[in-house]
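# Tertiary structure, described
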Amino acid sequence: MVTTIGIVTSGGDAPGMNAAIRAVTRIAHAKGLQVIGFERGWDGLLTNTYRKLTPRTVGGIIQLGGTMLHTLRCPAFEEPGGVERAAETLSMNNVEGLVVIGGDGSFRGAVELSKKSDALMVGIPATIDNDVYGTDETIGFDTAVNTAVGAIDKIRDTAISHERIFVVEVMGRKRGFLALEVGICVGAEVILIPEKPVTLEEVNKLMEENAKKGKKAGIIVAAEGFGDSSKMAREMQRQTESEVRLSILGYAQRGGSPTARSRLLASLFAQKAVELFCEAKGNMAVGLLNGKIISTDLKKCSETRKPLDLSLLDTANMLAT
Ligand code: ADP
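Residues numbered from 1 in each chain as written. Predicted model: local features only at pLDDT ≥ 70, side-chain atom pairs only at ≥ 80, totals over all residues. Heavy atoms only, no water.

### Remarks on helix 4 (residues 82-92)
Threshold: Burial here depends on accessible area, computed with a 1.4 Å probe over protein chains only, as a share of the maximum for the residue type. Under 20% is buried, over 50% is exposed, and the range in between is partly exposed. Secondary structure is summarised from DSSP: a helix means a run of H or I of at least four residues, a strand means a run of E of at least two, and numbering begins at the N terminus for each. What the arc covers is the set of directions going from the helix axis to the C-beta atoms. What makes two residues a contact is simply this: any of their non-hydrogen atoms within 4.5 Å.
Every buried residue of helix 4 is listed here: G82, V83, A86, A87, T89 and L90. For helix 4, the arc enclosing every buried residue in end-on projection is 155 degrees, short of the 170-degree limit, so these residues lie on one face. Seen from the buried face of helix 4, the exposed residues on the opposite side, beyond 90 degrees, are E88, S91 and M92. Those residues of helix 4 that are buried are in contact with strand 2 (34-38), helix 2 (43-46), helix 3 (75-78), strand 4 (95-102), helix 5 (104-114) and strand 5 (120-125).

Encoded structure:
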């Protein structure tokens, strides 16, 4: 009997998930494994909805954002009996290994499933938030950074022409990885992230000092999770001499064609994931650490808070003088 592995994309979509689906499928086939792709995240395992994936059916998707398998936040999976039903689906289809492509929430789901199923679980970190422990970078992060940088460069033109301050909100409800990297790359005057509380008075003071230096235009990059960007822009406008505008970048950051880097990461992570199955190793997540593709304990990755290097804020401040 041919060994079957399953793929599921779960949680928020990220550019490069398709490249990962393609690579898992092709590398698994090269090693003599059969692959099925569950549809709409964990829901596909609850409803036994899947499609057979072959090297041909995953053609032409490496350059596409999103996920061809669709994704869904699936509370039913967490309800009593949900994980058991998913485990039954795996055993009914003789799935001996499951590749879970997603963020830390998806990894937690995989850990729960592994308690009820004999199938080997391997996590591939894919989220634009880059907030998964055990990897320096997640699939999709580089694409989202580049998308946001491209948009903010355009906003900067207006900021300079009108000598205005723009508060630009980027994604990141819980963590500031995206805001920090984007902020450095656009030369933001201020970067606001959930990990580092800053008062409006401090921001106003800095922008006023900048204005005195002749720097009247400015970009403030704020992570969604820092606070109410709209209120902040309004209050800044009220409390200072500056003209302040708000721009929320929103969902455009999640989509689009993955960058070369996101595709490469997806392909190399996929290779490592399939190799782990071939070595009969489960409950692992693949990752990039110091330039090497590695694997870490899945449970640890799902439970541990990834550290953010706050010294980069000091670097950004020096760069913005
Ligand atoms: P992400 O993977 O991007 O972090 P979510 O946090 O939305 O996204 O999680 C993805 C999926 O994993 C959701 O469908 C959710 O129901 C499931 N999930 C998250 N945590 C658990 C858990 N502790 N047990 C079972 N399923 C979980």
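### A closer look at the site of the ligand
For clarity, the cut-off: The cutoff for a nearby residue is simple: one of its non-hydrogen atoms must lie within 4 Å of the molecule or strand. Two N or O atoms form a polar contact when they lie within 3.5 Å of each other; inside protein one atom must be a possible hydrogen donor and the other a possible acceptor, and for residues adjacent in sequence the pair counts only when both atoms belong to side chains. Values of accessible area rely on a 1.4 Å probe in the Shrake-Rupley scheme; residue burial ignores everything except the protein chains shown.
Near the ligand lie 16 residues; those nearest to it are R73, C74, E78, G103 and S106. Contact between the ligand and G12: an oxygen atom at 3.3 Å from a main-chain N or O atom of the residue. At 3.2 Å from an oxygen atom of the ligand is found a side-chain nitrogen or oxygen belonging to D104. Protein chains shield 81% of the accessible area of the ligand, which is 560 Å² for the free molecule.

### Remarks on the side chain of S114
Looking at the element boundaries, S114 is found in helix 5. A distance of 3.4 Å separates the side chain of S114 from the side chain of N283, its partner in a polar contact.

### Overview of the sheet that holds strand 8 (residues 218-223)
Under the convention used in this document: We call two strands paired when DSSP finds no fewer than two bridges between them. Axes here mean lines fitted to C-alpha atoms, for a helix over just the part in contact, with angles spanning 0 to 180 degrees between N-to-C directions.
Reading across from one edge, 7-8-6-9 is the order of the four strands in this open sheet, with parallel pairing throughout. At either end of the open sheet lies a strand with only one pairing partner, and these are strand 7 (190-192) and strand 9 (244-248). Ignoring strand direction, the axes of neighbouring strands in this sheet form an average angle of 20 degrees. Bridge analysis of strand 6 (residues 165-170) against strand 9 gives five bridges, and the strand direction is parallel. Bridging from a neighbouring strand, V168 pairs with S247 of strand 9.

### Considerations on the sheet that holds strand 2
Strand pairing in a sheet relies on backbone hydrogen bonds. The paired strands run either parallel or antiparallel. Taken together, the seven strands give an open sheet; going across it, the order is 3-2-1-4-5-10-11, and neighbouring strands pair in mixed fashion. Two strands close off the open sheet at either side, each with one partner strand: strand 3 (50-53) and strand 11 (292-297). Each neighbouring strand pair of the sheet contributes to a mean axis angle of 30 degrees, computed without reference to strand direction. Examined bridge by bridge, strand 1 (residues 4-9) and strand 2 share four bridges and lie parallel to one another. Bridging from a neighbouring strand, T4 pairs with Q34 of strand 2.

### Some remarks on the layout of surface pockets
Unoccupied space between atoms shows up once a probe the size of one water molecule is rolled over them. Definition in use: Two kinds of site are reported from a 1 Å grid over the protein atoms alone, namely cavities, where a 1.4 Å probe fits but cannot get out, and pockets, open sets with protein on both sides within 12 Å along at least five of seven lines, and residues are called lining when an atom falls within 4 Å of a point. Grid points are joined across faces, edges and corners, and a volume is the space filled by probe spheres set on the points. In this count, Pro and Cys sit with the nonpolar residues alongside Ala, Val, Leu, Ile, Met, Phe, Trp and Tyr, while Asp, Glu, Lys and Arg are called charged and the others, Gly among them, polar. Here the limits of each domain have been adopted from an automatic or database domain assignment.
The volume enclosed by the largest pocket comes to roughly 890 Å³. Residue lining of the largest pocket: 36 residues in total, with G11, R73, D104, G105 and S106 positioned closest to the centre. Of all the secondary-structure elements, those providing two or more residues to the lining of the largest pocket are helix 3, helix 5 and helix 11 (298-303). Looking at the lining of the largest pocket, the element that brings in the most residues is helix 5, giving seven residues. Of the residues belonging to the lining of the largest pocket, the class tally is eleven nonpolar, ten polar and 15 charged. Counting contributing residues, the lining of the largest pocket receives three or more from each of domain 1 (4-140 + 258-303) and domain 2 (144-254).

### Side note on the nonpolar core
Rule in force here: Take the buried Ala, Val, Leu, Ile, Met, Phe, Trp, Tyr and Cys residues and link them wherever side-chain atoms come within 4.5 Å; each set so joined is a nonpolar core.
Within the largest apolar cluster, 64 residues are counted, with the highest numbers of intra-cluster contacts made by I7, I101, I124, I152 and I219. Two domains each provide a minimum of three residues to this core, namely domain 1 (4-140 + 258-303) and domain 2 (144-254). With sequence-adjacent residues up to four places away left out, I219 is seen in contact with I152, I155, R156, A159, F166, V168, V186, A188, E189 and V190. Counting residues in hydrophobic clusters, the runner-up holds 25 residues, among them I36, V95, L98 and V100.

### A look at the domain arrangement of the protein chain
Think of interface size as the accessible area that goes away when the parts come together; that is how it is often given. What counts, and what does not: Defined in terms of a 1.4 Å probe, buried area is the accessible area two parts forfeit on being brought together, summed over both. Salt bridges are defined by distance alone: a side-chain nitrogen of Lys or Arg within 4 Å of a carboxyl oxygen of Asp or Glu.
What the domain assignment lists for the protein chain is domain 1 (4-140 + 258-303) and domain 2 (144-254). A straight line from the C-alpha centre of domain 1 to that of domain 2 covers 35 Å. Taken together, the contacts link eleven residues of domain 1 with ten residues of domain 2. Taking both sides of the interface into account, the surface hidden between domain 1 and domain 2 amounts to around 840 Å²; carbon and sulfur atoms contribute 49%. The largest contributions to the domain 1 side of the interface with domain 2 come from I128, D129 and D131, which together make up 49% of the buried area. At the surface where domain 1 touches domain 2, the tally comes to one salt bridge. With a shortest N-O distance of 3.1 Å, R254 and D13 are connected by a salt bridge. Where domain 1 packs against domain 2, one counts two residue pairs in polar contact (both at pLDDT 80 or more). Grouping the constituent residues of the side of domain 1 that touches domain 2 by class yields three nonpolar, four polar and four charged.

### Concerning the packing of helix 6 (residues 141-162) against helix 7 (residues 177-186)
This is how it is decided: In this scheme, roughly parallel covers angles under 35 degrees and roughly antiparallel covers those over 145, while 65 to 115 is roughly perpendicular and the rest are oblique. Crossing handedness is defined as follows: a turn of the near helix away from the far one that is anticlockwise and smaller than a right angle gives a left-handed crossing, while the clockwise case is right-handed.
Between helix 6 and helix 7, whose axes approach to 9 Å, the crossing angle comes to 45 degrees. It follows that helix 6 is oblique to helix 7 by the angle criterion. In this structure, helix 6 meets helix 7 at a crossing whose hand is right-handed. Contacts from F141, A144, V145, A148, V149, I152, D153 and R156 in helix 6 reach F177, L178, E181, V182, C185 and V186 in helix 7. Of the residues contributing to the contact of helix 6 with helix 7, the split by class is eleven nonpolar, no polar and three charged.

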